[in-house]
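Here is how the chains run, residue by residue.
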Amino acid sequence: MTKTLTGIAASDGFAHAPAYKLVEPDLTVSKEKIDDTDAEIESLKDAFSKSKEELQAIRKKAEESLGEEEAQVFDAHIMVLDDPDLFDQTKSVIEENQMNAEAAFEQVTDNFIQMFEAMEDNPYMQERAADIKDVRKRVIAHLLNVTLPNPSTIDKEVIVIAEDLTPSDTAQLNKDYVKAFVTDIGGRTSHSAIMARSLEIPAIVGAGVVTEEIVDGTELLVDGTTGEVIVDPTDEQVATFEKAAAEFEELKAQWETLKDEETRTKDGKHVELAANIGTPKDVPGVIENGGEGVGLYRTEFLYMDSNELPTEDEQYEAYKKVLEAMDGKPVVVRTMDIGGDKELPYLDLPDEMNPFLGYRAIRISLEEDEIFRTQLRALLRASVHGKLRIMFPMIATIQELRDAKAILEEERQKLVDQDVDVADDFQVGIMIEIPAAAVIADQLAKEVDFFSIGTNDLMQYTMAADRMNERVSYLYQPYNPSLLRLIDFVIKAAHKEGKWAGMCGEVAGDQRAVPLLLGMGLDEFSMSATSILKTRSLLSKLDSKEMEALAEKALNDCGTQEDVIALLDEYNL
Ligand code: PEP
Ligand code: MG
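It should be emphasised that the depicted structure is a prediction, and the values quoted were computed from it without experimental measurement. (Residues numbered from 1 in each chain as written. Chains lettered and ligands numbered in written order. Predicted model: local features only at pLDDT ≥ 70, side-chain atom pairs only at ≥ 80, totals over all residues. Heavy atoms only, no water.)

Draft legend 1. View of the packing of aromatic side chains. Counted under the stated rule, the structure contains eight aromatic pairs. Here Phe14 and Phe241 contribute two aromatic rings whose centre-to-centre distance is 5.4 Å and whose plane-to-plane angle is 70°, an arrangement assigned as edge-to-face. Here Phe241 lies in helix 10 (residues 235–256) and Phe14 lies in strand 3 (residues 14–21), a separation of 227 residues in the sequence. Its relative accessible area of 7% is what places Phe241 among the buried residues. Pairing Phe450 with Trp500 gives two aromatic rings, centres 4.5 Å apart and planes at 10°, and the pair type is stacked. Highlighted residues: Phe450 in strand 14 (residues 450–453) and Trp500 in strand 15 (residues 500–503), separated in sequence by 50 residues. Note on accessibility: Phe450 and Trp500 belong to one class, buried. Taking NZ or CZ as reference, Arg381 lies 4.3 Å from the ring centre of Tyr316, over its face. (Phe/Tyr/Trp six-rings, centres within 6.5 Å; stacked < 30°, edge-to-face > 60°. Helix = DSSP H or I, 4+ residues; strand = E, 2+ residues; numbered from the N terminus. Buried < 20%, exposed > 50% of the residue type's maximum accessible area, 1.4 Å probe, protein only. Lys NZ or Arg CZ within 6 Å of the ring centre and 35° of its normal.)

So this is what it looks like as structure tokens:
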């Protein structure tokens with residue numbers, strides 16, 4: 001029967017295809033006494049080798065579609081299978097107890113998992129436990145002769161339905177076949193949503209009950225612009241949908257013509273449209289979409305997709321690649337923002353009650369400054385290859401900024417003393433994503449070259465609403481006057497000191513917010529590369545003076561987000 005489900009529109013676009021449910025089969029194992037232990041050991045061997053083959057294939061596909069860094073997630077899984085202890089111990093349990101292979105394997109892996117999980121304060125070991133759990137599923141599925149849903153083996157057009165998608169799930173999605181995905185949980189800024197935008201796959205997240213409500217294979221219409229999923233649509237609904245999808249394609253073709261144009265408003269004002277990237281592999285997408293720079297390079301992926309800290313040279317190569325590929329256009333590189341929802345398995349970070357309020361980003365960098373210094377040296381060495389802007393995340397106080405700048409200067413001086421080339425025109429700025437920094441922006445502005453407003457965190461801290469928790473997602477209110485006032489204050493504070501203000505949080509690419517941000521005087525908008533052209537098109541239709549008046553009204557006369565939306569409607573925006 002036809003029904004419509006609604007979630008959070010996380011990535012633009014339309015898709016019409018059958019549902020492919022990414023739900024695990026029953027992997028319950030029962031213990032049995034067997035006579036032919038040799039046959040059992042053979043099955044185990046077979047399951048290991050099939051699992052390994054699968055993982056190698058998954059790794060290869062991930063590398064092709066997403067790049068080497070994403071693909072490394074699977075190396076750890078292959079390593080688990082290569083560990084002779086795991087096989088030998090299972091073999092002994094089979095032989096000594098005449099136990100069936102799946103029960104013996106479960107028992108042995110349980111021991112390993114418990115042992116690693118007991119090392120509570122060692123996240124690296126916790127991660128190994130997670131790897132073993134993942135691999136165990138695969139091996140047991142082979143022993144039980146059931147198939148695990150595997151996004152990388154999808155070979156016909158589908159819409160993936162899942163409770164949630166882990167980074168490794170998303171890494172396996174092949175966008176030739178996966179036309180969209182819809183998840184039960186997650187928000188606009190969860191990493192699966194951000195990944196969907198960089199893969200240019202329409203996505204709806206936080207839709208609540210899709211895995212319960214949708215039967216595998218059912219025809220679906222996904223509208224990634226509104227967050228609506230129509231299940232088992234009528235012919236009429238399909239026709240309306242196809243029309244909207246075609247209009248969207250037409251619009252996209254129009255936007256395409258703006259690719260090589262400068263961004264200008266109707267009255268000729270220039271603003272910069274830049275892109276957010278996670279790895280050097282994202283740069284071609286920035287260029288294809290006409291990006292005028294990189295406004296946020298989230299370097300933490302360099303750290304997260306590895307089994308150890310990236311070396312200075314590895315980092316230097318990555319930064320150099322991005323700077324060179326951008327060919328003189330500005331590149332804002334953010335120093336590592338680990339912590340919060342971004343874990344680092346090999347760094348012994350404490351377990352915390354409130355990780356988003358805890359030890360993260362610049363707080364780690366200043367405390368464990370060797371990691372920070374390595375990154376800064378790599379950046380300084382790379383500075384001669386393009387137009388570098390170094391940015392510190394999660395600055396809350398002026399002292400943190402001064403400490404970070406002092407370390408940067410020490411490292412710069414050391415390199416200069418060693419006759420290493422360092423550019424003399426790189427800029428240093430900070431993210432404004434903590435309300436404490438926003439309200440003292442007038443003072444901070446004296447000590448930086450630029451600000452970049454991180455609305456994802458600024459909103460969660462202003463509203464005291466966890467950005468990962470959909471129960472409080474109603475407080476994700478990008479047009480709430482409280483947030484708008486902070487943004488306005490920050491932009492004005494920067495301008496007063498002759499500095500520029502950008503925004504790299506998701507609000508910068510929100511078409512509804514763009515007129516307001518233009519009116520407030522934002523100089524640089526940094527967003528998913530795929531949003532650049534439509535934003536350029538929108539800006540070309542806006543008059544900056546009119547938008548100034550609109551922003552003034554929103555800031556002075558509106559009390560609620562709804563008031564602001566009503567005002568935007570009045571302006572027909
Ligand atoms: C932000 O907080 O708005 C931001 C851009 O950083 P991240 O999403 O990486 O925390
Ligand atoms: Mg942030």
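Draft legend 2. Here's a closer look at the coordination of the magnesium ion (ligand 2). All of the protein donors around the magnesium ion (ligand 2) are Glu433 (OE) and Asp457 (OD); their distances to the metal are 2.0 to 2.1 Å. Taken together, the residues span a long stretch of sequence, with Glu433 in the loop between strand 13 (427–432) and helix 17 (435–439) and Asp457 in helix 19 (residues 455–463) at a distance of 24 residues. Asp457 carries the same exposure label as Glu433, and that label is buried. (Donors = N, O, S within 2.8 Å, 3.2 Å for Na, K, Ca; no water.)

Draft legend 3. Representation of the site of ligand 1. Around ligand 1, the surrounding shell holds 15 residues, and the nearest of these are Arg298, Arg334, Gly454, Asn456 and Arg467. Glu433 has a polar side-chain atom sitting 3.0 Å from an oxygen atom of ligand 1. Interatomic distance of 3.1 Å between a backbone N/O atom of Thr455 and an oxygen atom of ligand 1. In a pocket analysis with a 2 Å cut-off to the grid points, ligand 1 is assigned to the largest cavity. Where the shell around ligand 1 is concerned, the elements lending two or more residues are strand 10 (294–298) and helix 19. (Near = heavy atom within 4 Å. Polar contact = N/O pair within 3.5 Å; in protein donor to acceptor, adjacent residues only side chain to side chain. 1 Å grid on protein atoms, 1.4 Å probe; cavity = no way out; pocket = protein on both sides within 12 Å on 5 of 7 lines; lining within 4 Å. Sits in = over half its atoms within 2 Å of the grid points.)

Draft legend 4. Summary view of empty space enclosed by the protein. Scanning the entire structure with this criterion turns up two cavities of 30 Å³ or more. Computed from the structure, the largest cavity encloses a volume of approximately 90 Å³. The wall of the largest cavity is formed by 15 residues, among which Arg298, Arg334, Glu433, Asn456 and Asp457 lie closest to the centre. Secondary-structure elements contributing two or more residues to the lining of the largest cavity are strand 10 and helix 19. Along the lines of polarity and charge, the residues of the lining of the largest cavity split into three nonpolar, four polar and eight charged. Of the voids in this model, the second largest cavity is the one considered here, and its volume is about 30 Å³. Along the walls of the second largest cavity sit Arg188, Asn276, Gly505, Glu506, Gly509, Ser526, Met527, Ser528 and Ser531, which together make up its complete lining. Looking at side-chain class alone, the lining of the second largest cavity contains one nonpolar, six polar and two charged residues. (Points joined across faces, edges and corners; volume = space filled by probe spheres on them. Nonpolar A, V, L, I, M, F, W, Y, C, P; charged D, E, K, R; others polar.)

Draft legend 5. View of helix 15 (residues 369–382). Compared with the 20 Å implied by 1.5 Å per residue over 14 residues, the 20 Å span of helix 15 between its first and last C-alpha is a close match. For helix 15, the tally of buried residues reaches 12 of 14 residues, placing the bulk of the element in the interior. Of all the residues in helix 15, the buried ones are Ile371, Phe372, Arg373, Thr374, Gln375, Leu376, Arg377, Ala378, Leu379, Leu380, Arg381 and Ala382. (Expected span 1.5 Å × (residues − 1).)

Draft legend 6. Structural view of the packing of helix 15 against helix 16 (residues 398–417). Where helix 15 meets helix 16, the axes come as close as 9 Å, and the angle between the chain directions of the two elements is 55°. Of the possible angle classes, the one that applies to helix 15 and helix 16 is oblique. Regarding helix 15 and helix 16, the two cross each other, and that crossing is right-handed. Across from Asp369, Phe372, Arg373, Leu376, Arg377, Leu380 and Arg381 in helix 15, the residues of helix 16 making contact are Ala404, Ile407, Leu408, Glu410, Glu411, Arg412, Lys414 and Leu415. For the contact of helix 15 with helix 16, the per-class residue count stands at seven nonpolar, no polar and eight charged. (Axes fitted to C-alpha atoms, helices over the stretch in contact; angles between N-to-C directions. Parallel < 35°, antiparallel > 145°, perpendicular 65-115°, else oblique. Left-handed = near helix turned anticlockwise from the far one by under 90°. Contact = heavy atoms within 4.5 Å.)

Coordinates in, geometry out; function isn't part of it.
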